[in-house]
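Descriptive structure summary
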Amino acid sequence: MASLAASPAFSLLKSTKAITSSASTRARASLLPIPSKPTSTRPLGFSAVLDNSHRFSLHVASKVHHSARGKGSRGVVSMAKKSVGDLSSAELKGKKVFVRADLNVPLDDNQTITDDTRIRAAIPTIKYLIDNGAKVILSTHLGRPKGVTPKFSLAPLVPRLSELLGIEVKKADDCIGPEVESLVASLPEGGVLLLENVRFYKEEEKNDPEFAKKLASLADLYVNDAFGTAHRAHASTEGVTKFLKPSVAGFLLQKELDYLVGAVSNPKRPFAAIVGGSKVSSKIGVIESLLEKCDILLLGGGMIFTFYKAQGLSVGSSLVEEDKLELATSLLAKAKAKGVSLLLPTDVVVADKFAPDANSKVVPASGIEDGWMGLDIGPDSIKTFNEALDTTQTVIWNGPMGVFEMEKFAAGTEAVANKLAELSEKGVTTIIGGGDSVAAVEKVGVAGVMSHISTGGGASLELLEGKVLPGVIALDEAITVTV
Ligand SMILES: Nc1ncnc2c1ncn2[C@@H]1O[C@H](COP(=O)(O)OP(=O)(O)OP(=O)(O)O)[C@@H](O)[C@H]1O
Ligand SMILES: O=C(O)[C@H](O)COP(=O)(O)O
């Protein structure tokens, strides 16, 4: 951490506070005290805790009504989302269950699935329903079609789904209407019918109530397991819940919430966040939200040059968002005020052009010359990041450290992937928050050892920003009261 570490600016960024000092405060802050007299006017707010069984609970402050309690008494009303696992065999046997999954998988020009992660992730919920004698009506979107578009048909998904489920999955050519209704009527217990791409109807994305009602009319109850689409208020993710009860969360949705909300809001500490990617502008919300929760924040990727420039360093022709210099300064100040140890890379790999065959060299953060652009973090930074990560118990990662698509600039991203794999094997909770970081851990071949890899890009970013997802909030609550 040679030059930058020695600079006054850098030392200001380092926390002087013991890393664990705020842990208990933060844990307490995530509990809602039961008020001493009845109230219906508490401010709107959300917080999340993991209970002893590691189950995510969403606390909806605005909806809490309590009877009088003695002054000073504390308790928690847990409004966890009801899960498909809460439904017994008796409640499921013979029932038609509308399952919204996110099977929006990449297909190549031959209509071959190039990554089946999302299909595999949807299997536990479907299997649970099959094993309990339900009739599964499976729905998803694929791509962003404008009307009926053959290349976005779900037909290529059927063989893989059938193989993974070990049964012959039937497919409908539509997602509503008489043909679908008759296929549903002939569905046996334990059978699966895949409806055609729900986005073939523009009413889906418009969250049209009449369309939602038609989808709902096919089934007796609703399971949302489409985490990747939970940030969309669409007919099959949100509208349908108004017509189908119960409406519950699938196992994948539950797991995503457990990690991206539960483990992040109430982490084993020290808790580090690693944020990279191209631009600071697309990660402002995530950084601000994580600054409230983490002990260590490591920044990498193209966004670091905006931070460098804000500190008066030369950045050559590196990616810089000129209109975000003040924001970068304020984020650094915020980290300091919050006692978060924020580490910026102290050296970078620079290139003379944005190309795989560019000339490259390693320079200190303060040594980027005109005509050169930073495309990866350097070896000193990797070492310092690794040392910081060695102290942690929970790590969340979103966004690559460099232009990892080009071999010459992939070392920083691959080093983080390998470090997280090593930590995960030692029992540290490691969460990969979607997007390109997922591609990076897959490229390095360490995806299997991470505690959690999110199946949602936009949805995981929104959750990490602290937003409430429409597809989640619409589901039934399983209210438990703990005093
Ligand atoms: N120093 C850099 N200069 C320019 N681009 C960079 C740099 N470092 C990383 N990138 C690019 O940033 C892109 C990823 O940024 P993005 O903000 O989209 O991250 P993400 O959140 O992981 O991805 P997604 O948008 O898919 O969720 C990669 O394509 C990578 O090549
Ligand atoms: O791939 C995704 O992020 C989800 O399937 C959501 O797709 P969308 O961005 O087209 O809504």
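Here the structure is a predicted model, which is why all the values come from computation and not from measurement.

Regarding the site of ligand 1
Near ligand 1 there are 19 residues, and of these Ser 278, Lys 283, Gly 374, Glu 405 and Asp 436 occur at the shortest range. Within the backbone of Asp 436, an N or O atom sits 2.9 Å from an oxygen atom of ligand 1. Considered on its own, ligand 1 offers 640 Å² of accessible surface; in the complex 77% of this is hidden by protein. Of the residues in the shell around ligand 1, the class split is five nonpolar, eleven polar and three charged.

Describing the domain arrangement of the protein chain
Per the domain assignment, the segments of the protein chain are domain 1 (10-43 + 258-464) and domain 2 (84-249). Counting residues at the interface gives eleven residues for domain 1, matched by seven residues for domain 2. In total, about 620 Å² of surface goes out of reach between domain 1 and domain 2, with carbon and sulfur atoms giving 62% of it. The interface formed by domain 1 and domain 2 holds zero salt bridges in total. Counting across the interface, domain 1 meets domain 2 through one residue pair in polar contact (both at pLDDT 80 or more). A total of five residues in the side of domain 1 that touches domain 2 trace back to one element, the largest contributor, which is helix H17 (residues 458-464). Looking at the side of domain 1 that touches domain 2 residue by residue, the classes come out as three nonpolar, six polar and two charged.

Observations regarding the packing of aromatic side chains
Counted according to the given criterion, the structure contains four aromatic pairs. Note on Tyr 128 and Phe 251: the rings are 5.2 Å apart at their centroids and 90° apart in plane angle, and the pair reads as edge-to-face. Of this pair, Tyr 128 sits in helix H5 (residues 117-131) while Phe 251 sits in helix H10 (residues 251-265), placing them 123 residues apart in sequence. Under the relative-accessibility criterion, Phe 251 is labelled partly exposed at 28%. Against the face of Trp 372 rests Lys 361, its NZ or CZ located 4.3 Å from the ring centre.

Scoring rules and cut-offs
- Residues numbered from 1 in each chain as written.
- Chains lettered and ligands numbered in written order.
- Predicted model: local features only at pLDDT ≥ 70, side-chain atom pairs only at ≥ 80, totals over all residues.
- Heavy atoms only, no water.
- Near = heavy atom within 4 Å.
- Polar contact = N/O pair within 3.5 Å; in protein donor to acceptor, adjacent residues only side chain to side chain.
- Areas by Shrake-Rupley, 256 points an atom, 1.4 Å probe, with all protein chains shown as cover.
- Nonpolar A, V, L, I, M, F, W, Y, C, P; charged D, E, K, R; others polar.
- Domains from an automatic or database assignment.
- Contact = heavy atoms within 4.5 Å.
- Buried area = accessible area lost by both parts, 1.4 Å probe.
- Salt bridge = Lys/Arg side-chain N within 4 Å of Asp/Glu carboxyl O.
- Helix = DSSP H or I, 4+ residues; strand = E, 2+ residues; numbered from the N terminus.
- Phe/Tyr/Trp six-rings, centres within 6.5 Å; stacked < 30°, edge-to-face > 60°.
- Buried < 20%, exposed > 50% of the residue type's maximum accessible area, 1.4 Å probe, protein only.
- Lys NZ or Arg CZ within 6 Å of the ring centre and 35° of its normal.

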